[in-house]
Amino acid sequence: MNASLIDLVKGMPKAELHIHIEGSLEPELIFKLAERNQVKLAYPSVEALRAAYAFTDLQSFLDIYYAGASVLLQEQDFFDMTWAYLLRAKADNVRHVEMFFDPQTHTARGVPLAAVFGGIDRALQQARTELGISSALIMCFLRHLSEKEAFEVLEQALPYCDKIIGVGLDSSERGHPPEKFEHVFARCRELGLRLVAHAGEEGPPAYISAALDLLHVERIDHGVRCLEDPALVQRLVRDKIPLTVCPLSNIKLCVFGQMSDHNLPALLNAGLKAMINSDDPAYFGGYMNDNFVACFSALPLGREHALQLARNSFEAAFLDAPQKQRYVDEVETYFKNH
Ligand code: ADE
Ligand code: ZN
């Protein structure tokens, strides 16, 4: 392992564009919130819960992830979860975050959207002033539920629309293609929201094409299976469609056997606008810098790739042009000095 390269990637300014905030709930906080809210958990201890984090695919993870989120009831719970993540992001030199949350996971348990939006937004505001981290919030629809239910949660979220920059699509991918959500995404587009979707994580490259053609998304979350379709790769390169890649997630969910098998170098070398993200860091073995260290230790990646990853992360963000330029300048200054 090249120690100076590892130090370089740890210290460089970066943006995280693919983090499910419910996936940052560490077992210790799950137990603390369960006690505070009198929620009964299926596991007797923090250790027993952590030991259950042996996933075979996306669904085996989602079952535990939704159970973990059941401890979130009050505004303060959403604040505590989000603030804990932001402190970790700060330690990893994350300068800008675009954060997913799953409102339907909470409304299904009777939690008011006011508590969800209130707690997350309060933490993001505090991070702007106290940690110097800029941010935006992306509301995800759960694709294992119906489009009708997506419309219902969108309607309930309208009073909070100023708090979100866009919408996304997550949860069980296989069997739930993008076309299932064509109408609700069209409505979100009319509302002026930015659009992203998970595609090509477990699902085929055709789901990536459908997300672009039918949902009109601007970024693809994951997208690693695009390499199976050379014409699609050409299109993604030509149209500069960002791919929010999550390496440790892909290993934990068995998309790739081990990190040395990951296709991140191939994605970057093909000219794709990929960057590194943590997805669900409490479940997948780490936050941003854990992902960077795992990738740069196991894969043929060098200084040029590091610069590309940092630059891509800001260029792919939903920031206005001057803000983007300020962050890209910050990256370039960092590389001049290190
Ligand atoms: N929800 C949280 N993490 C997810 C992932 N990696 N894929 C799909 N849905 C998710
Ligand atoms: Zn994800």
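The structure displayed is predicted, hence computed values, not measured ones.

Draft legend 1. Spatial organisation of the overall build of the protein chain. If you tally the helices and strands in the protein chain, you get 17 helices and 8 strands. Relative to the 2.2 N^0.38 estimate, which gives 20 Å for 338 residues, the radius of gyration of the protein chain is 19 Å and therefore close to what a compact globule would have. The buried share of the protein chain, taken over its 338 residues, is 58%. As presented, the protein chain carries roughly 13,000 Å² of accessible surface, and 52% of it is formed by carbon and sulfur atoms. For the protein chain, the distance from the average position of its 32 positive side-chain charges to the average position of its 45 negative side-chain charges is 4 Å.

Draft legend 2. Spatial organisation of the coordination of the zinc ion (ligand 2). Summarising the metal site, the zinc ion (ligand 2) is bound by the protein donors His 18 (NE2), His 20 (NE2), His 198 (NE2) and Asp 279 (OD), whose distances to it range over 2.0 to 2.2 Å. Around the zinc ion (ligand 2), the 4 donor atoms are arranged such that angles at the metal cover 83 to 174°; this shape is classified as irregular.

Draft legend 3. Expanded view of the environment of Ile 138. Along the polypeptide, Ile 138 turns up in strand 3 (residues 134-142). You can call Ile 138 buried: its relative accessible area is 1%. Each residue touching Ile 138, except ones within four places of it in the same chain, is listed here: Glu 98, Met 99, Phe 100, Phe 101, Ile 165, Gly 166, Val 167, Gly 168, Val 196, Arg 219 and Phe 318.

Draft legend 4. Summary view of the site of ligand 1. Every residue near ligand 1 is listed here: His 20, Leu 58, Phe 61, Leu 62, Tyr 65, Asp 170, Ser 171, His 198, Glu 201, His 222, Asp 279 and Asp 280. At 3.5 Å, a side-chain N or O of His 222 approaches a nitrogen atom of ligand 1. Interatomic distance of 2.6 Å between a side-chain N/O atom of Asp 280 and a nitrogen atom of ligand 1. Here the shell around ligand 1 gets 4 residues from one element, more than from any other, and that element is helix 4 (residues 58-68). Residue composition of the shell around ligand 1, grouped by class: 4 nonpolar, 4 polar and 4 charged.

Draft legend 5. Up close: the packing of aromatic side chains. Overall, the coordinates contain 16 aromatic pairs when judged by the stated rule. When the centroid spacing of 5.4 Å and the interplanar angle of 70° are considered together, the rings of Phe 61 and Tyr 283 count as edge-to-face. Of this pair, Phe 61 sits in helix 4 while Tyr 283 sits in helix 14 (residues 281-284); the two residues are 222 residues apart in sequence, bridging distant segments of the chain. By relative accessible area, Phe 61 is classed as buried at 2%. Note on Phe 292 and Phe 296: the rings are 6.4 Å apart at their centroids and 20° apart in plane angle, and the pair reads as stacked.

Draft legend 6. The arrangement of the nonpolar core in detail. Core analysis: the largest hydrophobic core is formed by 118 residues, its most contacted members being Leu 86, Phe 141, Phe 185, Leu 264, Tyr 283 and Phe 296. Ranked by residues supplied to this core, first place goes to helix 7 (residues 113-130) with 8 residues. Discounting chain neighbours no more than four positions away, the residues touching Phe 296 are Leu 5, Ile 6, Val 9, Leu 301, Gly 302, His 305, Ala 306 and Leu 309. Formed by 5 residues, the second largest nonpolar core is a distinct cluster that contains Phe 100, Ile 138, Cys 140 and Phe 318.

Draft legend 7. Up close: the packing of helix 16 (residues 303-315) against helix 17 (residues 321-337). Across the interface, helix 16 lies against helix 17 with an axial gap of 9 Å and an inter-helix angle of 165°. With respect to their mutual orientation, helix 16 and helix 17 come out roughly antiparallel. Crossing geometry of helix 16 relative to helix 17 is assigned as right-handed. Contacts from Arg 303, Ala 306, Leu 307, Ala 310, Arg 311, Phe 314 and Glu 315 in helix 16 reach Lys 324, Tyr 327, Val 328, Val 331, Glu 332 and Phe 335 in helix 17. The residue inventory of the contact of helix 16 with helix 17, partitioned by class, reads 8 nonpolar, no polar and 5 charged.

Draft legend 8. Local environment of the pattern of salt bridges. Scanning the entire structure with this criterion turns up 18 salt bridges. A salt bridge links Arg 36 to Asp 77, with the nearest nitrogen and oxygen atoms 2.7 Å apart. Residue Arg 36 is found in helix 2 (residues 27-37), and its partner Asp 77 is found in helix 5 (residues 75-91); the two are separated by 41 residues along the sequence. Between Glu 315 and Lys 273 there is a salt bridge, with the nearest N and O atoms lying 2.8 Å from each other. Here Glu 315 is found in helix 16, whereas its partner Lys 273 is found in strand 8 (residues 273-276), with 42 residues between them in sequence.

Draft legend 9. Summary view of the sheet that holds strand 1 (residues 14-20). In spatial order, the strands read 1-2-3-4-5-6-7-8; together these 8 strands make up an open sheet with parallel pairing. Across the chains shown, the open sheet's two edge strands, defined by having one partner strand only, are strand 1 and strand 8. On average, each strand axis in the sheet is tilted by 25° relative to the strand beside it, whichever way the strands run. When strand 3 meets strand 4 (residues 166-170), the two strands line up parallel, connected through 5 bridges. Along strand 4, the bridge assignment pairs Cys 140 with Gly 168. The strands touched by helix 7 within the sheet are strand 2 (94-101) and strand 3, with strand 3 carrying the most contacts at an inclination of about 155°. Packed onto the sheet, helix 16 meets strand 1, strand 2 and strand 8 and runs at close to 105° relative to strand 8.

Reading the values: the criteria
Residues numbered from 1 in each chain as written. Chains lettered and ligands numbered in written order. Predicted model: local features only at pLDDT ≥ 70, side-chain atom pairs only at ≥ 80, totals over all residues. Heavy atoms only, no water. Helix = DSSP H or I, 4+ residues; strand = E, 2+ residues; numbered from the N terminus. Rg over C-alpha atoms; globule rule 2.2 N^0.38 Å. Buried < 20%, exposed > 50% of the residue type's maximum accessible area, 1.4 Å probe, protein only. Areas by Shrake-Rupley, 256 points an atom, 1.4 Å probe, with all protein chains shown as cover. Lys, Arg positive; Asp, Glu negative; His and termini not counted. Charge placed at Lys NZ, Arg CZ, Asp CG, Glu CD. Donors = N, O, S within 2.8 Å, 3.2 Å for Na, K, Ca; no water. Tetrahedral: all angles 85-135°; square planar, octahedral: opposite > 155°, others 65-115°. Contact = heavy atoms within 4.5 Å. Near = heavy atom within 4 Å. Polar contact = N/O pair within 3.5 Å; in protein donor to acceptor, adjacent residues only side chain to side chain. Nonpolar A, V, L, I, M, F, W, Y, C, P; charged D, E, K, R; others polar. Phe/Tyr/Trp six-rings, centres within 6.5 Å; stacked < 30°, edge-to-face > 60°. Core = buried A, V, L, I, M, F, W, Y, C linked by side-chain atoms within 4.5 Å. Axes fitted to C-alpha atoms, helices over the stretch in contact; angles between N-to-C directions. Parallel < 35°, antiparallel > 145°, perpendicular 65-115°, else oblique. Left-handed = near helix turned anticlockwise from the far one by under 90°. Salt bridge = Lys/Arg side-chain N within 4 Å of Asp/Glu carboxyl O. Pairing = 2+ DSSP bridges.

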